[in-house]
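As a plain string of letters, each chain reads:
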Amino acid sequence: MDGHHDRDNFDSVTGHSTTGHEWDGIRELNTPLPRWWLGVFYATIIWSVGYWVVYPAWPLLTDATRGVIGYATRLSIEQDLATLRDFRAAQSKGLAEASLVQIKADPDLFRVAMAQGKAAFGDNCAACHGVGGAGAKGFPNLNDDDWLWGGSLDTIRTTIQHGIRFAGDADTRVSQMPAFGRDKMLTPGQINDVANHVRAIAGLPTQPRADLAAGGKLFAENCAACHGEAGKGNREMGAPNLTDAITLYGMDVASLTETITNSRNGVMPAWGGRLDPTTVKALTIYVHSLGGGE
Amino acid sequence: MAVIDADDLPLFAPSKKVYPQSVAGPYRRAKWIILVLCLGIYYLLPFLRWDRGPNLPDQAVLADLANNRFYFFFIEIWPQEIYYFTGLLIIAALVLFLMNAVAGRVWCGYLCPQTVWTDLFLAVERAFEGDRRERIRRDESPWSLDKAWRKTGKHAVWLVIAWWTGGAWVLYFADAPTLVRELATFTAPVSAYVWIAILTFTTYSLAGIMREQVCTYMCPWPRIQAALTDDDALNVTYRYDRGEPRVSVKQAQRLRAEGVPAGDCIDCNQCVAVCPTGVDIRDGAQVGCIQCGLCIDACNTVMAKIAYPTGLIAYDTDDNVKRRIAGHRPVYRLLRLRTAIYAALILVVGGAMIYQLATRQTAGISVLHERTPLFVKLSDGSIRNSYTIRLLNKRPEERPFALTVSGLPGVRIETIGPQATADLRPVVTVEPDSSREIRALVTVPADVHLEKSQPLTFTASDLFAGEIVRAEDHFIAP
Ligand code: SF4
Ligand code: SF4
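Computed from a prediction, not measured in an experiment: that's the story for all the values here.

### Focus on the site of ligand 2
The environment of ligand 2 is made up of Val236(B), Cys275(B), Pro276(B), Thr277(B), Val279(B), Ile281(B), Cys289(B), Ile290(B), Gln291(B), Cys292(B), Gly293(B) and Cys295(B). In the shell around ligand 2, the residues fall into nine nonpolar, three polar and no charged.

### Regarding the site of ligand 1
Around ligand 1, the surrounding shell consists of Arg105(B), Trp107(B), Cys108(B), Cys112(B), Gln114(B), Thr115(B), Cys215(B), Cys219(B), Trp221(B) and Pro222(B). Among the secondary structure elements, those contributing two or more residues to the shell around ligand 1 are helix 3 (106-111), helix 4 (113-129) and helix 10 (221-228) of chain B.

### Describing the domain arrangement of chain A
All names here are of chain A. By domain assignment, chain A separates into domain 1 (75-171 + 268-288) and domain 2 (188-262). Computed from C-alpha atoms alone, the centre-to-centre distance between domain 1 and domain 2 is 33 Å. Across the boundary between the two partners, domain 1 contributes 13 residues, which contact 13 residues of domain 2. Of the roughly 970 Å² buried at the junction of domain 1 and domain 2 (both faces included), carbon and sulfur atoms supply 57%. Of all residues in domain 1, the largest losses of buried area upon contact with domain 2 belong to Asp146, Leu148 and Trp149, amounting jointly to 50% of the total for that side. Connecting domain 1 to domain 2 are two residue pairs in polar contact (both at pLDDT 80 or more). Considering only residue class, the side of domain 1 that touches domain 2 consists of six nonpolar, three polar and four charged.

### A few points about the confidence of the model for chain B
Of the residues in chain B, 97% have a pLDDT of 70 or more, and the chain-wide mean is 89. Interface confidence for the predicted complex, expressed as ipTM, amounts to 0.72; the pTM equals 0.70.

### Overview of helix 4 of chain B
Residues and elements named next belong to chain B. An ideal rise of 1.5 Å per residue puts 24 Å on 17 residues; helix 4 measures up with 24 Å between its terminal C-alpha atoms. In terms of burial, helix 4 is largely enclosed, as 13 of its 17 residues are buried. Taken from the residues just after helix 4, Gly130 is the one with a positive phi, measuring 85 degrees.

### Side note on the packing of aromatic side chains
Residue and element names in this part refer to chain B. Per the counting criterion, the structure on display carries 23 aromatic pairs over all chains. When the centroid spacing of 5.5 Å and the interplanar angle of 85 degrees are considered together, the rings of Tyr42 and Trp117 count as edge-to-face. On the criterion of sequence distance, the pair formed by Tyr42 in helix 1 (residues 26-44) and Trp117 in helix 4 is long-range, its members being 75 residues apart. Across the pair, exposure class does not vary: Tyr42 and Trp117 are buried alike. Centroid distance Tyr387 to Phe458: 4.8 Å. Interplanar angle 70 degrees. Geometry classified as edge-to-face.

### Some points on the interface of chain A and chain B
The interface of chain A with chain B comprises 30 residues on the first partner and 22 residues on the second. Here chain A is connected to chain B by zero salt bridges. The tally of links between chain A and chain B comes to five residue pairs in polar contact (both at pLDDT 80 or more). Contributing elements (two or more residues each) for the side of chain A that touches chain B: strand 2 (16-23), helix 2 (35-54), helix 4 (100-105) and helix 5 (107-129) of chain A.

### Details of the side chain of Asp230(B)
Residues and elements named next belong to chain B. By the element assignment, Asp230 lies in the loop between helix 10 and strand 4 (235-238). By relative accessible area, Asp230 is classed as buried at 19%. Among the polar contacts listed, one links the side chain of Asp230 to the side chain of Arg338, at a separation of 3.3 Å. With sequence-adjacent residues up to four places away left out, Asp230 is seen in contact with Arg336 and Arg338.

### As for unusual backbone geometry
For residues that are not glycine, phi is negative in most cases, and the peptide bond is trans in most cases. Residues and elements named next belong to chain B. The peptide bond linking Glu244 to Pro245 adopts the cis configuration, its omega dihedral lying at -15 degrees. By the element assignment, Pro245 lies in the loop between helix 11 (240-243) and helix 12 (249-257). The step from Thr372 to Pro373 runs through a cis peptide bond, and the omega angle for that step is -5 degrees. The residue Phe186 is not glycine, and still its phi comes out positive at about 60 degrees. For Phe186, the position within the fold is in the loop between helix 7 (176-184) and helix 8 (190-210).

### Remarks on the domain arrangement of chain B
Residues and elements named next belong to chain B. Here the domain parsing of chain B yields domain 1 (26-82 + 101-228), domain 2 (235-325) and domain 3 (363-476). Of the roughly 640 Å² buried where domain 1 meets domain 3, counting both sides, 55% is carbon and sulfur surface. Looking only at domain 1, the three residues that lose the most surface to domain 3 are Asn55, Leu56 and Trp78, adding up to 60% of its buried area. Remark: the boundary between domain 1 and domain 3 carries two salt bridges. The partner of Asp433 in a salt bridge is Arg69, and the shortest N-O contact between them spans 3.2 Å. One can count two residue pairs in polar contact (both at pLDDT 80 or more) joining domain 1 with domain 3. In terms of residue class, the side of domain 1 that touches domain 3 is made up of three nonpolar, two polar and four charged.

### Looking at helix 8 (residues 212-222) of chain A
Residue and element names in this part refer to chain A. Buried residues of helix 8: Gly215, Gly216, Leu218 and Phe219, and no others. Buried residues of helix 8, seen end-on, are gathered within an arc of 165 degrees and therefore sit on one face of the element. Opposite the buried face of helix 8, by more than 90 degrees, sit the exposed residues Ala213, Lys217 and Glu221. Close packing links the buried residues of helix 8 with helix 7 (188-201) and helix 9 (224-227). With a side-chain oxygen positioned 3.2 Å from the backbone nitrogen of Ala213, the residue opening helix 8 is Asp211.

Parameters and conventions
- Residues numbered from 1 in each chain as written.
- Chains lettered and ligands numbered in written order.
- Predicted model: local features only at pLDDT ≥ 70, side-chain atom pairs only at ≥ 80, totals over all residues.
- Heavy atoms only, no water.
- Near = heavy atom within 4 Å.
- Nonpolar A, V, L, I, M, F, W, Y, C, P; charged D, E, K, R; others polar.
- Helix = DSSP H or I, 4+ residues; strand = E, 2+ residues; numbered from the N terminus.
- Domains from an automatic or database assignment.
- Contact = heavy atoms within 4.5 Å.
- Buried area = accessible area lost by both parts, 1.4 Å probe.
- Polar contact = N/O pair within 3.5 Å; in protein donor to acceptor, adjacent residues only side chain to side chain.
- pLDDT = per-residue confidence, 0-100.
- Expected span 1.5 Å × (residues − 1).
- Buried < 20%, exposed > 50% of the residue type's maximum accessible area, 1.4 Å probe, protein only.
- Phe/Tyr/Trp six-rings, centres within 6.5 Å; stacked < 30°, edge-to-face > 60°.
- Salt bridge = Lys/Arg side-chain N within 4 Å of Asp/Glu carboxyl O.
- Arc of directions from axis to C-beta.

What follows is the structure in structure tokens.
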């Protein structure tokens, strides 16, 4: 009986013993787990017990077991953040104390300001002005050298601080171009003449049927007060230079007609209320360094 | 038919403890010399000084991981030049292949750290426990005070050597004298102790305990080597044409007198006794043999003693043995297609590396075009592109670089930030052994005709040393 059993449990092809299980003539070889494997397996179980004790492990109703060393990922993140804040504070201290001109002249401060300004720009300004300050129609390109309100360090800072036509800031930059067409100050024909005159002083071709002389006269009467006789603009009033190669709303007749008819009054928020003075400084340095700073 | 319990099946053949006997001879001497040279270099090199000037470390060989620099005598490598290591590794592999094509596992027998340290550990073992016979006898005998102190002494010295091995390793990653002082006063970084512990463990277990098992079971080289070798590679060979049949000296004389052929092998087993891996070379080439040549020394000693010609075991090929049996002359072909190709490749790669090193610049420039916006039109109609330029200064002193740009009529460059100028060129000062990033604006006047994109060359010239580096990029227009 026993001998028979033994023969049953031995597979002569492989030289292995079998488990004695058999399905349709297919017998299962007895290949136990290697001892070292089992050893490691039990060791990990023991290890896990230690783990429960040392680290947070078991979820409770409102909390979880804390573990004896008091480790928590949230704590370590808080520590990291505190370290970061301290680091930043040390870096920004110099910025807070120095004037814009001093920052611009000091390589180290300049580096910090640029880094901080770039980050702040991405968070706050890029939505309208584009990632690199590239601008779009109606949103000035900050890389060029054409400024509505001035491109010096101080004027840039004032613009960032108080915004443009921003209702919530008493010192905001204001200027308002009349809506000459909508308010019936000029007829469509006159508007067309003015538009062509503007193109003429910008050195662009004009429409043959336009009356440039009339346009010139109308410009002198209605526009020159802000834009100047020659259309060179006036930064005190945020009146753009109409003769240079840069335009915010377009210099084609249709765009010009739209601008003269309905006027354009872009708005920029005053950041002074939302950002601390050091960040505004850093932003100023960053914008100033984009290429057009004066 | 016996029932075999799978549990009892070992994963590999049970290891027989090898008790290599001491031996003397030219191969043994060569191995000692190589051992002293290799270990001497390994243990002492970190202390060698090399003056690089005030701002750089003065350690001849240093992997400065914290600052991303690698120093090797007059060479300083930056992370982006890691291809030097690639080149070095390629050469190392090719040299290994060439050695293998010439004489099989020379690497294993003489140069491999596993072999060198095992040799050292065996020497220690011999010093404490005596030669082969004595060691076998003591291992078989019951524990005694004598056995205990010899074993303890041996393991203690092994551990010291292993610890020293790890200690020397970490010295390559920091200023050696400082680190030694820190280690001694327990103020060194934790990682240093951890690495020393790891290497102590590996050295002790690999060279002290596992020894030939590493070569037979763990190391990939014997497998690769077997696939790379050919019939003309010299191997430690038992010349069975001369050795067989094995008979004693007296019997050989008698047989020969009767006109019956007799071999020169007297079956003294000396070749097996000295073998560090415990194999019998007379069984032919085998994976266990690391080709250290010690059996040659052993056999030659025996042959000299019984006044037979030496060289019964020698560097030879199996083909030559067969040729001699067939009555032909042996053929040694050192110059073959594969040795020639390996040698040529070594020359090519080595030459390329030497050329690279000789023409290596100590400055560098890389340019990245700003994408937002790609270009800007200025109020006077001129077009401007901005770039981020990175200047590298690989010298230990501060260097001013003048930036110029060329390739377009009237093109101008200016940099952002507090900068000096020289002859209207912006000057960027880069600190010793570091790099500096700077934003630059490049402007082309309105009257220049521009395509959508045109090539542009940036040049940085060292105002003092005159070194010039260039980078190409593009100027984008509407
Ligand atoms: S087999 Fe591997 S470990 Fe052993 S000597 Fe050769 S290369 Fe070294
Ligand atoms: S057989 Fe000879 S060459 Fe091979 S490992 Fe042993 S002693 Fe060295």
